[in-house]
Amino acid sequence: MESEGRNGKKLILVPGPFQGHLTPMLQLATILNPDSSAHPNFTFLCIPDGLSEEEVRNPDLMGIVLRLNVNCESSFRECLTRGTNHMEPVDKICCIIYDAFVYFSEAVVRDLKIPSIALHTSSAATTIVRPILLQLKAQGHIPIPDSMLQALVPLHRPLRFKDLPLSNFGSLDYFLELVVLVSNIRSSSAIIFNMIHCLEESPLAQLHQQFQVPIFAIGPLHKLAPTSAVSLLQEDTGCISWLDKQTHNSVIYVSLGSIAHLDQDQLSEMAWGLANSKQPFLWVIRPGSIPGSEWIESMDEEFKECVKDRACIVKWAPQKKVLAHDAVGGFWSHCGWNSTLESIGEGVPIICQPCFGDQNVNARYLTHEWKVGLELEGEIERGTVERAVRTLMKEKEGEEMRQRVLDLKHKVEVSIGDGGYSSHYLSELVELLTSF
Ligand code: UDX
């Protein structure tokens, strides 16, 4: 993606090809666009990934990311050096900003002597603990032994070893290889984080020690670029009309993000837990996220009948609008970093059900550091779900979390306002970009 600045020089942004990565990069592009009312200065270019259909369907996501980085390097190099109808000569490019997961771009621009900046789309806390996984591997502690799981990670409270950002997609070796490649910033001039200073002051201080380049903590990006439209799936806006008919803070919004899958048993336990809670709910079930089903055709008819007057089930929702809606009083989430920031940004407390990777870190921070989330641990079971929903939506403990998250929402507003930390870091980033 190219964007033209006032000095006629181009900025190139290379996003990761997943919803949770594409979203913050497009938001950043919107913020940096000198004409923020539309996208007239953007050019979108495709870099062939060279992956076969069989490779794309492979559940080993980490293997795919590694291969994609190998495959894209030469096509990106060709794109920059040979030029296309759209691409300007290399000396007209001021900088490339790349997602740390698509590090192939940095290797190309290093050779071409173009400055680069990495964008990390997960939290500061996740980034500082990733190298611990490599130490554990060297000590023979991966997979993490059961006896260590509940212990606190030294110097990284409140994280336990079980909260470390391990992936459960395919080969562990691929995953650890990716950790090394993503954590190494090579020749980049700076790093951008989609984060909020007041939420992660201590991890941010540690990042400054870990990396010897400027770090820009600019977030939450979705609040700085509220108009940016970024969904890969079509949003069902009908759920907003449904929310309009519900009462203040009565609805629990349920979504496990863009990647996680559920099996039939988990689906059924979630469904009956929600039904038994007697609370109205808006539930996003992505087509294809339940193996063996196209969508919800396999769901119990008795359940559908039981909740028909207080449930809305959609394939994909306009999540930011949903969280901002007056009727939404809680979010049952997988705690992806974007969802975490979006929920805090709207003052909505969370039931935390992390599925893998950085979601474990985010969930632990939500429940034990910021204290705005309720942990749903272990196997999903209808009784636990029912209790968690009631606690969040009806009880004093949930109300206290709501008050705390509303305080955080206020702090977020201060951070993105004039003189706030995010505004300050954003000005510094713009200064650096114009110096190239
Ligand atoms: C993935 C990883 O799961 C996550 O841990 C990592 O931080 C980023 O990449 P994903 O599952 O996509 O994330 O979750 P998340 O980071 O929360 O991003 C999901 C995005 O999709 C959010 O911006 C959310 O607003 C959007 N969304 C989700 C919708 O717009 N509609 C929906 O119905 C569901």
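Just so we're clear, the structure is a prediction, and the values are computed from it rather than from any experiment. (Residues numbered from 1 in each chain as written. Predicted model: local features only at pLDDT ≥ 70, side-chain atom pairs only at ≥ 80, totals over all residues.)

Trainee: Describe the site of the ligand, listing the residues and the values that go with them.
Mentor: Taken together, the neighbourhood of the ligand is formed by 25 residues, with G20, G257, Q319, G336 and S339 sitting nearest. Elements with a minimum of two residues in the shell around the ligand: α1 (19–32), α12 (319–324), α13 (337–345) and α14 (358–369). (Near = placed C-beta within 6 Å. Helix = DSSP H or I, 4+ residues; strand = E, 2+ residues; numbered from the N terminus.)

Trainee: Go over the pairing of strand β8 (residues 251–255), please, and point to the residues and values.
Mentor: Along β8, 5 of the 5 residues are buried, which leaves the element largely enclosed by surrounding structure. Residues V251, Y253 and S255 point to one face of β8 and I252 and V254 to the other, with burial holding for every one of them. With 3 bridges connecting them, β8 and strand β9 (residues 281–284) associate as parallel partners. Its bridge partner lying in β9, V254 is registered against W283. (Buried ≥ 20, exposed ≤ 12 C-beta atoms within 10 Å, placed from the backbone. Pairing = 2+ DSSP bridges.)

Trainee: Quick rundown of the nonpolar core? Include the residues and the values.
Mentor: Counting residues in each nonpolar core, the largest one holds 114 residues, and the members touching the most others are I97, I192, A217, Y253, L282 and I351. With 7 residues, the single largest contributor to this core is helix α3 (residues 61–82). Looking at which domains feed residues into this core, each of domain 1 (2–228 + 416–435) and domain 2 (237–413) supplies at least three. Residues in contact with Y253, not counting those within four places in the same chain, are L282, V322, L323, V328 and F331. (Core = buried A, V, L, I, M, F, W, Y, C linked by C-beta atoms within 7 Å. Domains from an automatic or database assignment. Contact = placed C-beta atoms within 7 Å.)

Trainee: So, α1: which residues are in play, and what are the values?
Mentor: Across its 14 residues, α1 extends 20 Å between first and last C-alpha, which sits within 8% of the 20 Å expected from 1.5 Å per residue. Buried residues of α1: H21, T23, P24, M25, L26, Q27, L28, A29 and T30, and no others. (Expected span 1.5 Å × (residues − 1).)

Trainee: Account for the confidence of the model for the chain, naming residues and giving values.
Mentor: Per-residue pLDDT for the chain has a mean of 92; in total, 96% of the residues score no lower than 70. Here the prediction assigns the complex a pTM of 0.96, and the interface score ipTM is 0.98. (pLDDT = per-residue confidence, 0-100.)

Trainee: Explain helix α17 (residues 421–435) residue by residue, including any values.
Mentor: Taking 1.5 Å of rise per residue, 15 residues should cover 21 Å, and α17 covers 21 Å from first to last C-alpha, within 8% of that figure. Regarding α17, the residues found buried are Y421, S422, Y425, L426, L429 and L433. Along α17, the residues classed as buried sweep out an arc of 130° about the axis, all on the same side. Away from the buried face of α17 by more than 90 degrees, exposed residues S427, E431 and S435 are located. (Arc of directions from axis to C-beta.)

Trainee: Tell me about the environment of D111, residues and numbers included.
Mentor: Structurally, D111 is set in helix α4 (residues 104–111). As a C-alpha pair, D111 and R77 span 34 residues in sequence and 9.4 Å in three-dimensional space.

Trainee: Before we move on, could you go through the domain arrangement of the chain and cite the residues and values that matter?
Mentor: One can read the domain layout of the chain as domain 1 (2–228 + 416–435) and domain 2 (237–413). Facing the 30 residues of domain 1 at the interface are 23 residues of domain 2. Top element by residues in the side of domain 1 that touches domain 2 is α1. It accounts for 4 residues.

Trainee: I'd love a proper account of the environment of K162, names of residues and values included.
Mentor: Relative to the assigned elements, K162 resides in the loop between α5 (124–138) and α6 (172–183). Taking the C-alpha atoms as reference points, K162 and V361, 199 residues apart in sequence, are found 9.2 Å from one another. Discounting residues that sit within four places of it in the chain, K162 has contacts with I144, L149 and Q150.

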